[in-house]
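Chain and residue survey
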Amino acid sequence: MSLDIQKISSHIGARITGVQAKPDLDAATVAELRAALLEHKAIVLDAPDLDADGQARFAGFFGDLTTAHPTVPGLDGAPNILDVDSERGTANVWHTDVTFVVNPPAISTLRSITIPPYGGETLVANTAAAYASLPQPLRTWADTLWAVHTNVYDYARAEEDTPRQKEYRDVFQSTVFESRHPVVRVHPETGEKGLFIGGFTRRIEGLSETESRDVIRLLQAHVTKPEHILRWSWQPGQVLVFDNRITQHYAIDNYDQQPRKLARITVAGDVPVAVNGERSQSITGDASHYTPSGDAAATRAA
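Residues numbered from 1 in each chain as written. Predicted model: local features only at pLDDT ≥ 70, side-chain atom pairs only at ≥ 80, totals over all residues. Heavy atoms only, no water.

1. Some remarks on the overall build of the protein chain
The secondary structure content of the protein chain amounts to 6 helices and 17 strands. Relative to its length of 302 residues, the protein chain is compact, with a C-alpha radius of gyration of 18 Å against a globular reference of 19 Å. Judged by the C-alpha coordinates and their principal axes, the protein chain covers about 50 × 45 × 40 Å. Counting only residues that meet the buried cut, the protein chain has 51% of its 302 residues in that class. Taking the intrachain contacts of the protein chain between residues at least 6 apart in sequence as the baseline, contacts between residues at least 24 apart amount to 82%. By element, 51% of the accessible surface of the protein chain is carried by carbon and sulfur atoms, the whole surface being about 13200 Å². For the protein chain, the distance from the average position of its 28 positive side-chain charges to the average position of its 38 negative side-chain charges is 3 Å. (Helix = DSSP H or I, 4+ residues; strand = E, 2+ residues; numbered from the N terminus. Rg over C-alpha atoms; globule rule 2.2 N^0.38 Å. Buried < 20%, exposed > 50% of the residue type's maximum accessible area, 1.4 Å probe, protein only. Contact = heavy atoms within 4.5 Å. Areas by Shrake-Rupley, 256 points an atom, 1.4 Å probe, with all protein chains shown as cover. Lys, Arg positive; Asp, Glu negative; His and termini not counted. Charge placed at Lys NZ, Arg CZ, Asp CG, Glu CD.)

2. Looking at helix 2 (residues 52–60)
When helix 2 is considered as a whole, its buried residues turn out to be Gly54, Gln55, Ala56, Phe58 and Ala59. Tucked inside the fold, the buried residues of helix 2 contact helix 1 (27–40), strand 3 (42–46), strand 5 (107–114), strand 13 (238–243) and strand 15 (261–267). Sitting at the head of helix 2, Asp51 places a side-chain oxygen 3.4 Å from the backbone nitrogen of Asp53. (Polar contact = N/O pair within 3.5 Å; in protein donor to acceptor, adjacent residues only side chain to side chain.)

3. Description of the pattern of salt bridges
Under the definition given, this model contains 16 salt bridges. Close ionic contact of Glu205 with Arg180 constitutes a salt bridge, the shortest N to O distance being 2.8 Å. One end of the pair, Glu205, is in the loop between strand 11 (201–204) and helix 6 (209–223); the other, Arg180, is in strand 8 (residues 178–182), with 25 residues separating them in the sequence. For Glu205, a relative accessible area of 31% gives the class partly exposed. In this structure Arg180 comes out as buried when scored by relative accessible area, which is 11%. Through salt bridges with shared partners, a single network forms among Arg34, Glu189, Asp243 and Arg245. (Salt bridge = Lys/Arg side-chain N within 4 Å of Asp/Glu carboxyl O.)

4. Here we look at the sheet that holds strand 12 (residues 229–232)
Judged by pairing direction, the sheet is antiparallel, and its 3 strands sit side by side in the order 12-6-14 without closing on themselves. Bordering the open sheet on either side are strand 12 and strand 14 (247–251), each of which pairs with just one other strand. Direction aside, neighbouring strands of the sheet carry axes that sit 20° apart on average. As defined by bridge partners, strand 6 (residues 122–126) adjoins strand 12 across 4 bridges and the pair is classed as antiparallel. Bridge pairing in strand 12 places Leu123 opposite Arg231. (Pairing = 2+ DSSP bridges. Axes fitted to C-alpha atoms, helices over the stretch in contact; angles between N-to-C directions.)

5. Digging into the environment of Ser86
Among the structural elements, Ser86 can be located in the loop between strand 4 (82–85) and strand 5. The class for Ser86 is buried, based on a relative accessible area of 15%. Along the backbone, Ser86 and Arg260 are 174 residues apart, and their C-alpha atoms lie at a distance of 5.4 Å. The residues contacting Ser86, other than those within four sequence positions of it, are Gln165, Tyr255, Gln258, Pro259 and Arg260.

6. What to know about the side chain of Gln248
Counting through the fold element by element, Gln248 comes out in strand 14. For Gln248, a relative accessible area of 0% puts it in the buried group. In this structure Gln248 touches Trp94, His95, Thr96, Leu123, Val124, Ala125, Thr127, Ile197, Gly198, Gln220 and Val223, once residues within four positions along its chain are discounted.

7. Digging into the packing of aromatic side chains
Here a ring pair, both rings aromatic, is described through the centre-centre distance and the interplanar angle of the planes. Under the counting rule described, the total for this entry stands at 5 aromatic pairs. Considering the side-chain rings of Phe58 and Phe62, the 5.7 Å spacing of their centres and the 75° angle between planes classify their relative orientation as edge-to-face. Given the relative accessible area of 0%, Phe58 is considered buried. Here the aromatic residues Phe58, Phe61 and Phe62 are joined through ring pairs into a cluster of three or more. Its guanidinium or amino end placed over the ring of Trp146, Arg180 lies 4.2 Å from that ring's centre, counting from NZ or CZ. (Phe/Tyr/Trp six-rings, centres within 6.5 Å; stacked < 30°, edge-to-face > 60°. Lys NZ or Arg CZ within 6 Å of the ring centre and 35° of its normal.)

Have a look at this one:
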């Protein structure tokens, strides 16, 4: 039977019913889920019985898995799972997962475990819709731009961190990664163009620090227009799958420090390609322990 796919908004998001996220789906169902993901960029399924092992097997339907993170270890006995726990900090910055490596994940899966009684929604933005909303002269210019991404944050509020949050930040930055990516990425399956920026973007090549900041702010404003965004209110036992190649996401910190816990597993991706066919390059850091490249054309910057 075909899936019941209900759009959530014009540009992004679909609720899938008629099937649950399980580790034993048949090939036809997986193909329908993948087609729905490519079309809607983010899909949500019920998963009341899914555990860590089941999530890994479900995510594996979409491709080879990465380990949990390039620097942050996975859970004991579950090396592919990143513990997304509010006690370790919040992800209330718009970002695409792990863009500081040369081949960021293609797909991310989030499984809800502990959900606060209010708040804690996840926002997901369609970066292809954002690119399409740019005025033509700005789209043409953006096509030529390249940006450097890194896992070294500007922690303006570091003095307010709890000891556990500081420990997590130190682990997150324990190995420095930098990669150069096109500001406009061509999706390897659909051919869509999307703005490939977000919270790990540090600077635009060829521009001053002030110019870079202003250009990133301008482009990011297009990504986060309300029309481009899915706002998902969690219930326990759900899985959100989003195409990391053409989305950004943001976890809203609006639940008064109540417990919020998700589990993330990501699917290995390829090296991003610019409009002119040029590929991303690694500047600093070897992420081969984290993700298979799957792409012999991956290179290092000179």
